[in-house]
Amino acid sequence: MTTRQGPRWTQSLLIGIRGDDSDAQGSRLGLPEKGPGSVASWPRRIGAITIDWMICTWAIAQGLLRLPAIDYPLAGLGVFAVTCLLLIGTTGMTFGMRLTGIRVAALDGGRPAFVPVVVRTLLLCLALPALVWDRDRRGLHDRAAGTVVVHL
């Protein structure tokens, strides 16, 4: 069943998994197909989270805080969560996102509010919501928070 605004979010997810790309990615959100403001590509997103994870686990948790991974296995995840909350909440992007040229935006194009950033970060730390996405490359964490990752 569809609503006046389009398919229900569950239908959109199922269509995204099947790979039906009849529309350009991001067009349902009013985003351009290419260039600044378009939906970020998977290689950039994976590169950004890899950079962020290395910074949080090696540089901050083990380097600055001196928390060995064997004694504190969730320290890197905690540092990652705090970093995402602070940086996305204030600048709309993490260090890795800045280096790869992407940012998190609210659906209206602005910086997301604090509560959606908290929801997005908590779901991102669970990992599974980020692995299920729709036709617009929005994971469950982005859909729940009402955000989208776009090119700078």
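Here, the structure is the one placed above.
We now turn to the structure provided with this report. All values derive from a computational prediction rather than experimental measurement. (Residues numbered from 1 in each chain as written. Predicted model: local features only at pLDDT ≥ 70, side-chain atom pairs only at ≥ 80, totals over all residues. Heavy atoms only, no water.)

Okay, the overall build of the protein chain next. A count of helical and extended segments in the protein chain gives seven helices and four strands. Scanning the protein chain from its N terminus toward the C terminus, one meets helices and strands in the order β-β-α-α-α-α-β-α-α-α-β. Buried residues in the protein chain amount to 38% of all 152 residues. For the protein chain, the proportion of contacts with a sequence separation of at least 24, taken over those separated by at least 6, is 65%. Surface accessibility of the protein chain: about 8,700 Å² in total, with carbon and sulfur atoms responsible for 66%. (Helix = DSSP H or I, 4+ residues; strand = E, 2+ residues; numbered from the N terminus. Buried < 20%, exposed > 50% of the residue type's maximum accessible area, 1.4 Å probe, protein only. Contact = heavy atoms within 4.5 Å. Areas by Shrake-Rupley, 256 points an atom, 1.4 Å probe, with all protein chains shown as cover.)

As a further point, take the environment of Asp136. Of note, Asp136 is situated in the loop between helix H6 (128-131) and helix H7 (140-145). The sequence separation of Asp136 and Ser27 amounts to 109 residues, and the corresponding C-alpha distance is 8.0 Å. When near neighbours in sequence (up to four residues on either side) are disregarded, Asp136 contacts Ala24, Gln25, Gly26, Ser27, Arg28, Leu29 and Val39. Only 2.9 Å separates the side chain of Asp136 from the side chain of Arg28, close enough to count as a polar contact. (Polar contact = N/O pair within 3.5 Å; in protein donor to acceptor, adjacent residues only side chain to side chain.)

So, on to helix H3 (residues 75-90). For an α-helix, the turn length of 3.6 residues means that residues three or four places apart are oriented alike. With 16 residues, H3 extends 22 Å between its outermost C-alpha atoms, agreeing within 8% with the 22 Å of an ideal straight helix rising 1.5 Å per residue. Within the span of H3, buried status applies to Ala75, Gly76, Val79, Phe80, Ala81, Thr83, Cys84, Leu87, Ile88 and Gly89. Check the buried side of H3 and you find it contacts helix H2 (42-64), helix H4 (95-100), strand S3 (102-106) and helix H5 (114-126). Trailing H3 by a residue or two, Gly92 shows a phi angle of about 85°, which is positive. (Expected span 1.5 Å × (residues − 1).)

Two side chains bearing opposite charge may form a pair once their charged atoms approach each other closely. Applying the stated criterion across every chain, the model contains four salt bridges. For the salt bridge of Asp142 with Arg120, the shortest nitrogen-to-oxygen distance reads 2.6 Å. Here Arg120 lies in helix H5 and Asp142 lies in helix H7, a separation of 22 residues in the sequence. Residues Asp142 and Arg120 agree in their burial class; the two are buried. Arg143 serves as the salt-bridge partner of Asp134, at 2.3 Å between the closest nitrogen and oxygen. Looking at Asp134, the relative accessible area reads 2%, which means it is buried. What emerges from the salt-bridge pattern is a single network uniting Arg45, Arg120 and Asp142. (Salt bridge = Lys/Arg side-chain N within 4 Å of Asp/Glu carboxyl O.)

Among the surface-exposed residues, Phe114, Val115 and Val119 lie close enough to one another that they form a single nonpolar patch of about 290 Å² accessible area. Its place among the elements puts Val119 in helix H5. (Patch = residues over 30% accessible without salt bridge, like charges linked within 9 Å, V, L, I, M, F, W, Y side chains within 5 Å.)

It is worth spelling out the nonpolar core at this point. By size, the foremost hydrophobic cluster in this structure holds 17 residues, and its most contacted members are Phe80, Ile88, Met97, Ile102, Val104 and Val149. Going through the elements one at a time, H2, H3, S3 and H5 are the ones with two or more residues in this core. Examining the composition of this core, we find that five residues originate from one element, H3, more than from any other. (Core = buried A, V, L, I, M, F, W, Y, C linked by side-chain atoms within 4.5 Å.)

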